[in-house]
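What follows is the residue order along each chain.
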Amino acid sequence: MDARLGLRNTKSVLFKAVIIFFAFVITLPLIIVLLYIIKQGVMQVNWHFLTHIPAPEGETGGGIANALVGSVIIVAMSSIVAIPVGMLAGIYLSENPGTRLAYWSGLCVDILQGVPSIVVGIVVYFWIVKPIGFSAVSGSIALAIMMLPIVIRSTEQTLLLLPPSLKEAALSLGVPYHRVILKVIVPCGFAGILSGIILSIARIIGETAPLLFTALGSSLFSTNILKPMESLPHLIFTYATSPYDDQHDLAWGASFILLMFVLLLNIFTKLITRKWNIQL
Amino acid sequence: MKVVKSLTLALVAIVASCLTQSASAQDNTLLGAGSSFVYPLFSKIFAEYGKTHDVKVNYQSIGSGGGILQLTNKTVDFGGSDAPLNADQAKKIGVPVLHIPMASGAVVITYNIPGVTTALNLTGKDLADIYLGKITSWNSAEIAATNKGIKLPDLPIVVVHRSEGSGTSYIFTDFLTKVNPDWASKVGKAGAVNWPAGLGGKGSEGVAGLVKNTPGAIGYVELIYALENKMVFANIQNKSGKFITPSLATTTQASNVDLPANAEVSLTNTDNPKGYPISSFTWALIYKEQKYNDRTAARAKMVLDLLWYNIHDGQKNCEPLNYAPLSKSAVKVAENILKSATYGGKAIL
Amino acid sequence: MLFNAFSFLLSAFSPYTPRHMTVKNKRLDLSYSQMKWETIFKRILITMSIIILIIVVGILITLIVQSMPSIKTLGIGYLWGKVWDPVNNIYGAWPFLIGTLLTSFTALIISIPFSYAIAIYLGEYNPKGWLSNLLKNTIELIAAVPSIIYGFWALYVLVPIVRNFEMKIHVAPYGVGIFSASLVLAVMIIPYAASLGTSLIRMVPSPLKEGAYALGATRFEVIRSVILPYTRSGLFAGILLSLGRALGETMAVTVLIGNTSTIAPKFLDLFFGPGNTMASVIANEFAEADHTLYLSALIELGLALFFVTVIINLIGKRIITRYSK
């Protein structure tokens, strides 16, 4: 009897050890990737790197100014499209949970969340690139579509968590419906919505596939949104497979910057969720 | 809320500045796409051109097939291609397209055999057999026969080709088709073929990168890429039976032919005994009639001026980058082709 | 509407409102305009939700219309055609189906022990405290790193290691290929199953667990006979979501897979050799597909990918909603 209990206990301890091993061993790849990118990238980053465009093939020097500015512009434009649409759709979903439209829209949000990014890229190619040509705008639209489901879901979920008494109190004071939503409900759920938005930005800033056939890429410094534009992930993709060591260095530097963006955005979200104590 | 307001303001400011930029008529960027074969040359020439002219050129190396497709879709101002349009492509475009020769270059066979730093001698037939997957090891009898004195290891050959449609692949398969009947019947020549063996690298960069990183690999890239990467490359046997080292001089020899008026000519497997057999012209492609969509006459002129510069002043950039410049007669042919371009039926230049 | 009428009444009869009907009632005007605003606001909300519908239906229609030429010409046989040869206009999706399934399922099999371990650890052994927070944040970061960065890193760090390994087991030392892509994919998809699993395991009612403990079960036995059976379908849903990610992942795979559209006859060569997935072949060849059939064959791949990932995601989501009710 004692022996059996001992065996069972040993088994239990062993199992725990195995679980802990597997759970923590997976942090290794992440740490290795982070350290490697930092090691390779941090050397590249200096003022010249941030303010110059890539040198012609085979020449040394140059920077990633075009990609940096391009990424900011493209992401800013997708935010401008996706945030209002996403928030309003999210408000609708949380306010009218039972309606048929809400059911189908909700289903579509789930579908959008699962659509592979490359598919979004080819669809936007037909929608926008064919009629008006490769442009930053088309890239932004593609990224906005990727952003929408996250913004919608975070808005919806945050608003559903708010106590209904809040809305009822405001309405009973005679505040019109749209003002209740915009001045009471949304500000109350603000932190949750904001962190959803930041998360969605963190997610799309590193997307490459939807940009391949839309924003195309550019070797020039361009702020014209109707022209092709370079972006950080696209620059990494093109230069990662290049034979020139100088271009690898540019790509490592760009990876470092991109990674820092993503990490900062994530930490920012963490701070917001902790300060307002919300669950996402 | 303050954070949001300032963020919104910043966003709006960025977009507004971009919009005004786009709205202001100073549209002086040209977009080209296509051949990665010519990419190093183009990026150099266009950088030079941008210094002296108020025109910027964005050339994306997406492969010749992509260049032709994007020209067909009218999403670019000019395409770059290492292969003339084939019948299908010409039919799909439907209107005349001008092929303006820009330079000629060589496709070299590069390899990564640990311990071998000298140039191998390869015949066209063996090369095709390697790419057909018939010769699979570096110490096979066929390769040894043309490389007496070089000790080749017992290492499997890792065949590397371009993963996407490309003019480089066209030039390479064009050559293999001419020298190996088996290849001609099984695979044929095209920008993208059904490769019987090996793995694909995206772009010349991808192939060069794979070869550089894979022991036992063989691949084909432009001369410039091989030189840039200090990779070894093989001497290839030409029609006269000589093993020719790819270089500027041997490419120039191969490109020294009488151009037909439309400049569409294949240089592979040249008759010239001093010529390197895997050479080709590379072309810029534009529509003959430049008035399409809502293009302005000024924009059409801008494209033609750029290409005019390419075949004259731009040619001085060829040699440092190991492209063979156009011969005098070729420049004349190219000039005539450019002059035949029209805007609304009227000649532009 | 009820609220509207109510607020309208309120403002109409509030003590500050002058009651003389001859005097123009400003408050009344305001509430009319506000009612107008309310209707507009509600319409905007509805429009935005309809936009989402339109986007999804639009994506579907675009994909179907654009892949019509290939559906008509190639028929259903396209899916198991073994040759992809754009030059001779022969298209078969089989190499990509195989490539996609092989990479995704290999990645999934590698990832399952890890995601289960994380879920059990964070859900049962150590649900609170700085260590579990640290682990949780780290897992979230794994999902946050852009896929192109994984691809770039793996190309220069992982591929040489895989190449050495391949030399030792005597297969062609390509380095890049299905195996390398699967390894990276495995890391990338772990967070999806792990975070869902964690929250599900935390939801297991404690009376169940306590009952088992009271009967003298060890921790391991509780996990094996109470927690895992209770959360089985939920954990399965998590794996489905991971699978959905793996199937559609593009950039890291495109960089690492080797881009070959032929299938090696021997499994070992196939597994360690280069291949292509549906997503990677689209990324590689879409920009240059220069005839109609070629292009639409690629889009049909996109359509298939769309259907598969959508169905997998919806099943996963369905299980989760049923679970959390």
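Residues numbered from 1 in each chain as written. Chains lettered and ligands numbered in written order. Predicted model: local features only at pLDDT ≥ 70, side-chain atom pairs only at ≥ 80, totals over all residues.

All names here are of chain B. Across the sheet, which stays open at both edges, the eight strands sit in the order β2-β1-β3-β11-β4-β8-β6-β7 with mixed pairing between neighbours. Edge positions in the sheet fall to β2 (56-61) and β7 (199-201), since each of these pairs with one other strand and no more. Averaged over all adjacent pairs, the angle separating strand axes in this sheet is 30 degrees, with direction ignored. (Pairing = 2+ DSSP bridges. Helix = DSSP H or I, 4+ residues; strand = E, 2+ residues; numbered from the N terminus. Axes fitted to C-alpha atoms, helices over the stretch in contact; angles between N-to-C directions.)

All names here are of chain C. The assigned domain composition of chain C is domain 1 (2-73) and domain 2 (77-324). Here the C-alpha centroids of domain 1 and domain 2 sit 42 Å apart. Opposite the nine residues of domain 1 that make contact, domain 2 presents eleven residues. Each residue belonging to the side of domain 1 that touches domain 2 can be placed in one class, and the counts come to five nonpolar, four polar and no charged. (Domains from an automatic or database assignment. Contact = placed C-beta atoms within 7 Å. Nonpolar A, V, L, I, M, F, W, Y, C, P; charged D, E, K, R; others polar.)

This part takes up unusual backbone geometry. Residue and element names in this part refer to chain B. Of note in this structure, A263 is not a glycine but carries a positive phi near 65 degrees. For A263, the position within the fold is in the loop between α11 (248-255) and β11 (279-287). At N293, a position not held by glycine, the phi torsion is positive, near 45 degrees. Since 9 C-beta atoms lie within 10 Å of it, N293 is described here as exposed. (Buried ≥ 20, exposed ≤ 12 C-beta atoms within 10 Å, placed from the backbone.)

What follows covers the domain arrangement of chain A. The parts lose accessible area when they come together, and the size of an interface is often stated as this lost area. Residue and element names in this part refer to chain A. Examined at the domain level, chain A breaks down into domain 1 (2-44) and domain 2 (47-279). The C-alpha-based centres of domain 1 and domain 2 are spaced at 33 Å. Residue-level contacts link six residues of domain 1 with seven residues of domain 2. Taken together, the residues of the side of domain 1 that touches domain 2 sort by class into three nonpolar, three polar and no charged.

The next point concerns the environment of W84(C). Relative to the helices and strands, W84(C) resides in the loop between α2 (26-74) and α3 (94-125). A sequence separation of 84 residues divides W84(C) from K168(C), and the C-alpha atoms of the two residues are 32 Å apart. Here W84(C) is in contact with N194(B), Y91(C), G92(C), P95(C) and S261(C), once residues within four sequence places are set aside.

Now for the sheet that holds strand β5 (residues 121-122) of chain B. Residue and element names in this part refer to chain B. Pairing is mixed across the open sheet formed by three strands, whose spatial order is β5-β9-β10. Looking along the sheet, the strands with just one partner apiece sit at the ends: β5 and β10 (243-244). Here two bridges tie strand β9 (residues 235-237) to β10, and the two strands are oriented antiparallel to one another. Counterpart to I236 in the pairing with β10 is I244.

We now examine the interface of chain C and chain A. With 67 residues of chain C at the interface, the matching set in chain A holds 68 residues. Top element by residues in the side of chain C that touches chain A is α2(C). It accounts for 18 residues. Split by residue class, the side of chain C that touches chain A holds 50 nonpolar, 14 polar and three charged.

The next subject is the interface of chain B and chain A. Counting residues at the interface gives 29 residues for chain B and 28 residues for chain A. Counting only elements with at least two residues in the side of chain B that touches chain A, the list comes to α1 (2-23), β1 (29-34), α2 (39-52), β2, α9 (203-213) and α10 (223-228) of chain B. Looking at the side of chain B that touches chain A residue by residue, the classes come out as eleven nonpolar, twelve polar and six charged.

This part takes up the packing of helix α2 (residues 27-42) of chain A against helix α5 (residues 147-168) of chain C. Interaxial distance between α2(A) and α5(C) falls to 11 Å at its minimum, and their mutual angle equals 85 degrees. Taken as axis vectors, α2(A) and α5(C) run roughly perpendicular relative to one another. Contacts between α2(A) and α5(C) involve V33(A), Y36(A) and I37(A) on the former and, on the latter, I149(C), Y150(C), W153(C) and V157(C). Across the contact of α2(A) with α5(C), the residue classes break down as seven nonpolar, no polar and no charged. (Parallel < 35°, antiparallel > 145°, perpendicular 65-115°, else oblique.)

With respect to the helices and strands, the residue I130(B) is situated in helix α5 (residues 124-132). If we ignore the near neighbours within four places in the chain, the residues touching I130(B) are I135(B), I157(B), V159(B) and I218(B).

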